[in-house]
Amino acid sequence: MQVMGISGLPGSGKSLVSDMATTKGAIIVSMGDIIREEAKKRGESTKETAQNLRAEHGQYIVSELTIKKIKKLQEDGNENTIIVEGIRSPHEVDMFKENFENFIILSIFANPTLRFERLQKRMREDDSQDYNEFKKRDQMELDFGIGTVIALSDKIIINESDLESYTEKIHEFLAEVNL
């Protein structure tokens, strides 16, 4: 079983990579979904839950829960490629590399203006429609260490042109990793 991670700031285009990989049999394990599931159980916002989980169980609880979920898939005999979406810190990368052989990181990059426009169209619960709030969220992600993760990625795809060009880059990457 191959395990790889996808990183990038909100609105960069991670979800399209996941969607395309899924059509080729990959299983997506989203760290954000783990937080959203826990937020629903707690009756909190995702931001509150992300902060509270870390305060209660340590800074890397979300990656620990993600690793546990992937190991359960392995124990159940799953051989599909697993893609971890939403890695934010270099320590999380190290944790995944310690637990999964040949773990690689793909990062998706797009400039802030373009990402904000995408988030306004996407309208997910945790997407800000206010540019200052968007910048605060970016800063929070950068404080987690996502900039280092992106800078040290095994592969970076720039997603600042048209959808056709971006999907072609994703197809090329998926072929490189035999998916």
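Placed above this text is the structure.
These figures come from a predicted structure and were not determined experimentally.

Definitions and limits used
Residues numbered from 1 in each chain as written. Predicted model: local features only at pLDDT ≥ 70, side-chain atom pairs only at ≥ 80, totals over all residues. Heavy atoms only, no water. Helix = DSSP H or I, 4+ residues; strand = E, 2+ residues; numbered from the N terminus. Rg over C-alpha atoms; globule rule 2.2 N^0.38 Å. Buried < 20%, exposed > 50% of the residue type's maximum accessible area, 1.4 Å probe, protein only. Contact = heavy atoms within 4.5 Å. Lys, Arg positive; Asp, Glu negative; His and termini not counted. Charge placed at Lys NZ, Arg CZ, Asp CG, Glu CD. Core = buried A, V, L, I, M, F, W, Y, C linked by side-chain atoms within 4.5 Å. Phe/Tyr/Trp six-rings, centres within 6.5 Å; stacked < 30°, edge-to-face > 60°. Polar contact = N/O pair within 3.5 Å; in protein donor to acceptor, adjacent residues only side chain to side chain.

Caption draft 1: Fine view of the overall build of the protein chain. A count of helices and strands for the protein chain gives nine helices and five strands. Element order for the protein chain, N to C, with α for helix and β for strand: β-α-β-α-α-α-β-α-β-α-α-α-β-α. Relative to the 2.2 N^0.38 estimate, which gives 16 Å for 179 residues, the radius of gyration of the protein chain is 16 Å and therefore close to what a compact globule would have. The C-alpha extent of the protein chain, read off along each of the three principal axes, is 40 × 40 × 25 Å. Within the protein chain, buried positions represent 44% of all 179 residues. A separation of at least 24 residues holds for 76% of the contacts in the protein chain among residues at least 6 apart in sequence. Looking at charge distribution, the protein chain has the averaged site of its 24 positive side-chain charges lying 3 Å from that of its 32 negative ones.

Caption draft 2: Local environment of the environment of Gln-139. Its location among the elements puts Gln-139 in helix α7 (residues 131–144). Residues Gln-139 and Lys-72, spaced 67 residues apart in sequence, show a C-alpha to C-alpha distance of 33 Å.

Caption draft 3: Structural context of the nonpolar core. With 22 residues, the main nonpolar core has Val-3, Ile-70, Val-84, Ile-87 and Phe-96 as its most contacted residues. For this core, the element with the most residues is helix α4 (residues 61–75), which contributes five residues. With near-sequence residues (within four places) excluded, Ile-70 lies in contact with Met-1, Val-3, Val-29, Ile-82, Val-84, Phe-96 and Phe-100. Counting 16 residues, the second largest nonpolar core, distinct from the first, contains Val-17, Ala-21, Tyr-166 and Phe-173.

Caption draft 4: Up close: the packing of aromatic side chains. Taken as a whole, this structure holds five aromatic pairs when the rule is applied. When the centroid spacing of 5.3 Å and the interplanar angle of 15 degrees are considered together, the rings of Phe-96 and Phe-103 count as stacked. By relative accessible area, which is 0% here, Phe-96 ends up buried. The class of Phe-103 is buried, set by a relative accessible area of 5%. For the ring pair Tyr-131 and Phe-134, a centre distance of 5.5 Å and an interplane angle of 35 degrees mean the geometry is tilted.

Caption draft 5: Main features of the side chain of Asn-78. Mapped onto the elements of the fold, Asn-78 is located in the loop between α4 and β3 (82–85). Here Asn-78 falls in the buried class, since its relative accessible area comes to 17%. Here the side chain of Asn-78 touches Asn-80 through a polar contact of 2.7 Å, landing on its backbone nitrogen. Setting aside chain neighbours within four positions, we find Asn-78 in contact with Met-1, Ile-27 and Leu-73.

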